[in-house]
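Understanding the architecture of this molecule
Here is how the chains run, residue by residue.
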Amino acid sequence: MTTTAIVVCTWSGARGEVLEEAEAALTLGRKVSVALGGELQWLVVGAMPEGGAEIAQRQGVAVLENIEDAKLAGGQADAFVEALAQYCAERSPRLVLFSQGFDTRLVAPRLAGRLGSGVVVNAVDIEAAADSPLKVTASAYGGDTRVVYELAGAEPCIVSLLANAVLPESVEGAASPSVRNVAVDLSSVEERIRVVEAARTEGPRLEDAEIIVSGGRGLSSPDNYKLVEQLAEALGGLPGASRPLVDEGWVDSSRQVGLTGKITRPGLYVAAGISGASQHMAGCGAAKAIVAINTDPDAAIFRYARYGIVGDCLAILPELIRAAKK
Ligand SMILES: Cc1cc2nc3c(=O)[nH]c(=O)nc-3n(C[C@H](O)[C@H](O)[C@H](O)COP(=O)(O)OP(=O)(O)OC[C@H]3O[C@@H](n4cnc5c(N)ncnc54)[C@H](O)[C@@H]3O)c2cc1C
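Residues numbered from 1 in each chain as written. Predicted model: local features only at pLDDT ≥ 70, side-chain atom pairs only at ≥ 80, totals over all residues. Heavy atoms only, no water.

**As for helix α4 (residues 77-91)**
Over its 15 residues, α4 extends 21 Å from the first C-alpha to the last, a length consistent with the 21 Å expected when each residue adds 1.5 Å. Burial within α4 is extensive, with eleven of its 15 residues counted as buried. Residues Ala77, Asp78, Ala79, Phe80, Val81, Glu82, Ala83, Leu84, Ala85, Tyr87 and Cys88 constitute the buried set of α4. Looking at the buried positions of α4, the neighbouring elements they touch are β1 (6-11), β2 (40-45), β3 (63-67), β4 (95-99) and α5 (102-115). Taken from the residues just after α4, Ser92 is the one with a positive phi, measuring 50 degrees. (Helix = DSSP H or I, 4+ residues; strand = E, 2+ residues; numbered from the N terminus. Expected span 1.5 Å × (residues − 1). Buried < 20%, exposed > 50% of the residue type's maximum accessible area, 1.4 Å probe, protein only. Contact = heavy atoms within 4.5 Å.)

**Some details on the domain arrangement of the chain**
In terms of domain boundaries, the chain breaks down into domain 1 (6-181) and domain 2 (206-325). The gap between the C-alpha centroids of domain 1 and domain 2 is 32 Å. On the side of domain 2, nine residues touch domain 1, which itself brings ten residues to the contact. Interface area, domain 1 with domain 2, both sides summed: about 780 Å², of which 46% is carbon and sulfur. At the junction of domain 1 and domain 2, the tally comes to zero salt bridges. Of the residues that constitute the side of domain 1 that touches domain 2, the class distribution is four nonpolar, four polar and two charged. (Domains from an automatic or database assignment. Buried area = accessible area lost by both parts, 1.4 Å probe. Salt bridge = Lys/Arg side-chain N within 4 Å of Asp/Glu carboxyl O. Nonpolar A, V, L, I, M, F, W, Y, C, P; charged D, E, K, R; others polar.)

**Remarks on the packing of aromatic side chains**
All chains considered together, the criterion is met by one aromatic pair. Between the aromatic rings of Phe80 and Phe98, the centroid separation amounts to 6.5 Å while the plane-to-plane angle is 85 degrees, which identifies the pairing as edge-to-face. With Phe80 in helix α4 and Phe98 in strand β4, this pair connects stretches of sequence that are 18 residues apart. Both residues of the pair, Phe80 and Phe98, count as buried. (Phe/Tyr/Trp six-rings, centres within 6.5 Å; stacked < 30°, edge-to-face > 60°.)

**Section: the sheet that holds strand β5 (residues 119-127)**
Two pairing modes exist for strands in a sheet, parallel and antiparallel, and in both the strands are linked by backbone hydrogen bonds. The sheet built from nine strands is open, its strands ordered β7-β6-β5-β8-β4-β1-β2-β3-β9 with mixed pairing. Every other strand in the sheet has two partners, leaving β7 (145-151) and β9 (178-181) as the edge strands with one partner each. The mean inter-strand angle of the sheet, taken between neighbouring strand axes irrespective of direction, is 35 degrees. When β5 meets strand β8 (residues 157-161), the two strands line up parallel, connected through three bridges. (Pairing = 2+ DSSP bridges. Axes fitted to C-alpha atoms, helices over the stretch in contact; angles between N-to-C directions.)

**Some thoughts on the pattern of salt bridges**
Considering all chains together, one arrives at 14 salt bridges under this definition. For Arg243, the salt bridge identified is with Asp247, shortest N-O distance 3.4 Å. Taken together, the residues span about one helical turn, with Arg243 and Asp247 both in helix α7 (residues 243-247) at a distance of four residues. For Arg243, a relative accessible area of 43% corresponds to the partly exposed category. With relative accessibility at 55%, the residue Asp247 sits in the exposed group. With a shortest N-O distance of 2.8 Å, Glu319 and Arg322 are connected by a salt bridge. Here the residue Glu319 and the residue Arg322 both occupy positions in helix α10 (residues 313-325), the gap between them amounting to three residues, near one helical turn. A residue is classified by how much of its surface remains accessible, and Glu319, at 45% relative accessible area, is partly exposed. With relative accessibility at 49%, the residue Arg322 sits in the partly exposed group. Residues joined in a network through salt bridges with shared partners are Glu21, Arg205, Glu207 and Asp208.

**Some thoughts on the pairing of β5**
Side-chain positions along a regular strand alternate between the two faces of the sheet. With four bridges connecting them, β5 and strand β6 (residues 134-140) associate as antiparallel partners. Pairing of Ile126 across the sheet is with Val136, part of β6.

**A look at the site of the ligand**
For the ligand, the set of nearby residues contains 25 residues, the closest of which are Ser242, Thr260, Ser275, Gln279 and Asn294. Between the ligand and Leu259 there is a distance of 3.0 Å, counted from an oxygen atom to a backbone nitrogen or oxygen. When residues of the shell around the ligand are traced back to their parent elements, those giving at least two are α7, α8 (278-281) and β13 (289-294). Here the residues of the shell around the ligand sort into seven nonpolar, 14 polar and four charged. (Near = heavy atom within 4 Å. Polar contact = N/O pair within 3.5 Å; in protein donor to acceptor, adjacent residues only side chain to side chain.)

**Quick notes on unusual backbone geometry**
Most peptide bonds adopt trans geometry, and most residues besides glycine take a negative phi value. Along the chain, Glu155 connects to Pro156 via a cis peptide bond; the corresponding omega equals 10 degrees. Mapped onto the secondary structure, Pro156 falls in the loop between β7 and β8. For Ser92, which is not glycine, the phi torsion reads 50 degrees and is therefore positive. On the basis of relative accessibility, which here comes to 16%, the residue Ser92 falls in the buried class. For Asn122, which is not glycine, the phi dihedral falls at a positive 60 degrees. Relative to the assigned elements, Asn122 resides in strand β5.

**What to know about the side chain of Asn66**
On the secondary structure map, Asn66 appears in strand β3. Looking at Asn66, its side chain comes within polar contact range of the main-chain oxygen of Val44, at 2.8 Å. Those residues within four positions of Asn66 in sequence are excluded, and the remaining contacts are Leu43, Val44, Gly46, Met48, Arg180, Asn181 and Val182.

Next comes the structure, spelled out in structure tokens:
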């Protein structure tokens, strides 16, 4: 039997602090649950995050559920898929919504395969109406376009929400959620993939930065990236980069902005020597203001920029650093 429960799923052990992204997914889940007249549930797989109950309340969650099992602690996918498959078989939710990270890419398609249901990743919005299939808008073709998928097949629909696609919005005066522990049997799960090394980034995250200064291939040499770092520091922001700088080994991959890097939503994004390829813009196009510095007046980045400077970034960045330090 299919219910109208909308379940936002967070895998707390795998990515550490992802609460803001979970909140964004809860906000979208609430919109869907209001449209369908269903119950919004937040399923935390693994240890309950600190402050989880407060987040659940301000997001209007009706039921805060938790699955805990020693096999889920290592952040391994097989146990997670099995736990969710058992959960869905018992509860029959209409929608399972994830906030997207590397772990979701591992889990969401496998869960959909197990349940024989539809899955959409890179989602940016969901439209729901009673007696109609869910319509999921997702970024496609490397961020070049958006596609609307109608999920008319078996339920639950599995959707993975792109980071920063939705801004978390809280509701006033919601009641405290009821709390429920969900029992699953993972005794027969054997992990088939062993994670031998996982990259961990320390310090502030690009996804949360209010100011980002990014450099691209127009910087000409790795040494010049220090200009990007200096301007970012002078403005109280973080340095970012286009993908070629990561591919060339100039900067660490945690700095990459774009479709295959970080999806950011800063107030100010300074792009120095970046052409404005769609895959890069997928990671910074939601910035409130983009300032672009490029020698080519026809560079695509100027289509997105609020302020454009046609010129050599190696001459302009030092001027901006001096001005920012004043
Ligand atoms: C599947 C896929 C995923 C991808 N994911 C990403 C991603 O996540 N992030 C990403 O960034 N890219 C990504 N890319 C690559 C993307 O398509 C572009 O190739 C890349 O963004 C280009 O980087 P760039 O702008 O630094 O370099 P270029 O395209 O080479 O542009 C350099 C720019 O610098 C300008 N310039 C040159 N000299 C100067 C100067 N002295 N001062 C000022 N300007 C100057 C040039 O006019 C030019 O516009 C992806 C590609 C694919 C196919």
